[in-house]
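# Inside the fold
Listed below are the residues making up each chain.
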Amino acid sequence: MAGHGARGRSGGRPTLEEVAARAGVGRGTVSRVINGSPRVSDATRAAVEAAVAELGYVPNTAARALAANRTDAIALVVPEPETRFFAEPYFSDMLRGVGAALSDTEMQLLLIFAGSDRERQRLAQYLAAHRVDGVLLVSVHADDPLPDLLAQLEIPAVISGPRSAEETLTSVDSDNYGGARSAVEHLIARGRHRIAHITGRLDVYGAQRRIDGYREALRDAGHVVDEQLIEAGDFTEEGGRRAMTRLLARCPDLDAVFAASDVTAAGARQVLREAGRRIPEDVALVGYDDSAIARHMDPPLTSVRQPIEEMGRRMIDLLLTEIADRRPAVSRGLERRQVVLATELVGRASS
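Heads up: these notes are all about the structure in this document. Please read all numbers here as calculations on a predicted model, not as lab measurements.

What counts and what doesn't
Residues numbered from 1 in each chain as written. Predicted model: local features only at pLDDT ≥ 70, side-chain atom pairs only at ≥ 80, totals over all residues. Heavy atoms only, no water. Axes fitted to C-alpha atoms, helices over the stretch in contact; angles between N-to-C directions. Helix = DSSP H or I, 4+ residues; strand = E, 2+ residues; numbered from the N terminus. Parallel < 35°, antiparallel > 145°, perpendicular 65-115°, else oblique. Left-handed = near helix turned anticlockwise from the far one by under 90°. Contact = heavy atoms within 4.5 Å. Expected span 1.5 Å × (residues − 1). Buried < 20%, exposed > 50% of the residue type's maximum accessible area, 1.4 Å probe, protein only. Core = buried A, V, L, I, M, F, W, Y, C linked by side-chain atoms within 4.5 Å. Pairing = 2+ DSSP bridges. Phe/Tyr/Trp six-rings, centres within 6.5 Å; stacked < 30°, edge-to-face > 60°. Lys NZ or Arg CZ within 6 Å of the ring centre and 35° of its normal.

### Let's talk about the packing of helix 11 (residues 237-250) against helix 12 (residues 262-274)
In the contact formed by helix 11 and helix 12, the axes pass within 7 Å of each other and the chain directions differ by 45°. Taken together, the axis directions place helix 11 and helix 12 in an arrangement best described as oblique. Where helix 11 crosses over helix 12, the handedness of that crossing is right-handed. Contacts from E237, G240, R241, M244, T245 and L248 in helix 11 reach V263, T264, A266, G267, A268, Q270, V271 and L272 in helix 12.

Shown next as structure tokens:
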């Protein structure tokens, strides 16, 4: 009977010793096979795997983690309100990439929100107790204390987008500067002259780099950078509506808008429509992220695609490497790794 082989001599769960006896090897050899060590011959590995299958042995991962002073858990920390996390496709795409990269590991993923002071204090206590092996930080602002806390606690961490050019943590980001340049160059090529920009949050380094790309693309094309055409946003739909309202009041002759996110572009589009501006005949519109929002907008939105899922996968790869080395790269005196992935402009009917 299939169920009969799943019990050891004691009648309970099969033990490591019983697997070793069945395979004719030592206990340490079984442990090496289970942990994926390459220092085992193919024949021995096959014998151990056969014994594991026959006995129905299940490794006690909790005991292994305890012995190794590990938790087998990673925290994905989002220092934003929950409402923003569930409203913006960026976060769900990031979570999908992280989950896919962890699917072949024994690591558990914890999703932690730290948008309020109380949540941050609770998170600091949780991290100080070393209840996770590593942390992924997503959507971090320049003045956020969490990255410095992680460095102080020597907890391996990877951040999605550096806080500045001097970031000390390992980071993964898309080419915000190049993506913004491609958006503005596209609009210039379409004959647009009064190109506005609705920014993201200005305390986010990626948003600053998009402004840099916007300005440089205009200058390189011989256009004067009119600061009146730049309006602060916050990556949200409501922020896009507010910024677009102010831009139309200040610069009614604008003929194009580059928004720092697709969600922001959706808010801008609503205001343009209410003002009787046709898209793209009167005002061309370009977003950023190439999310499902861009594809389903009317008209479909031209957008800069950043590989968000791939960013999540790369963050996990780098974090698992740091966890395997037991300490964050910065504490080992190693050069920080800053991975920047390419973006791509996806043209659609809005421009």
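### Some points on helix 10 (residues 205-220)
Taking 1.5 Å per residue as the helical rise, helix 10 with its 16 residues ought to reach 22 Å, and the 22 Å between its terminal C-alpha atoms agrees with that figure. Where helix 10 is concerned, the buried positions are Y205, G206, A207, R210, I211, G213, Y214, A217 and L218. Structurally, helix 10 contributes buried residues whose contacts are with helix 9 (176-189), strand 6 (195-198), strand 7 (230-231), strand 8 (256-259) and strand 9 (284-289). Once helix 10 finishes, G222 follows within two positions and takes phi at roughly 85°, a positive value.

### A short note on the nonpolar core
One finds V184, I195, Y214, M244, L254, V257 and F258 to be the most contacted residues of the largest nonpolar core, which totals 39 residues. When contributions to this core are tallied by element, the ones reaching two or more residues are helix 9, strand 6, helix 10, helix 11, strand 8, helix 12 and strand 9. Setting aside residues no more than four positions away along its own chain, L254 makes contact with R194, A196, L229, M244, L247, L248, R277, D282 and V283.

### Some details on the sheet that holds strand 4 (residues 157-160)
Within the open sheet, the six strands sit side by side as 2-1-3-4-5-11. Their pairing is parallel. Single-partner strands in this sheet number two, and they are strand 2 (108-113) and strand 11 (338-341). Strand-to-strand twist of the sheet, defined as the mean angle between neighbouring strand axes without regard to direction, takes the value 20°. Together, strand 1 (73-78), strand 2, strand 3 (134-138) and strand 4 form the strand contacts of helix 6 (residues 89-102), whose direction differs from that of strand 3 by roughly 155°. Its contacts with the sheet put helix 14 (residues 308-324) on strand 1, strand 3, strand 4, strand 5 (170-174) and strand 11, and the angle it makes with strand 5 is roughly 170°.

### Overview of the packing of aromatic side chains
One pass over the structure, following the stated rule, counts six aromatic pairs. Between F85 and F91, the aromatic rings sit 5.4 Å apart at their centres with planes inclined by 35°, giving tilted as the arrangement. The same class applies to F85 and to F91, which are both buried. Centre to centre, the rings of Y90 and F91 are 5.5 Å apart; their planes meet at 90°, and the pair counts as edge-to-face. With respect to burial, Y90 and F91 carry one shared label: buried. Cluster of aromatic residues (ring-pair linked, three or more members): F85, F86, Y90, F91 and F113. Above the face of the Y288 ring, R210 is positioned so that its terminal group lies 3.7 Å from the ring centre.

### Let's talk about the pairing of strand 1
Counting buried positions over the six residues of strand 1 gives six, a clear majority of the element. Burial of the side chains of strand 1 extends over both faces: A73, A75 and V77 are buried on one face and I74, L76 and V78 on the other. Direction of pairing for strand 1 relative to strand 2: parallel, over a ladder of six bridges. Its bridge partner lying in strand 2, L76 is registered against L111.

Function cannot be inferred from these measures alone, as they are strictly geometric.
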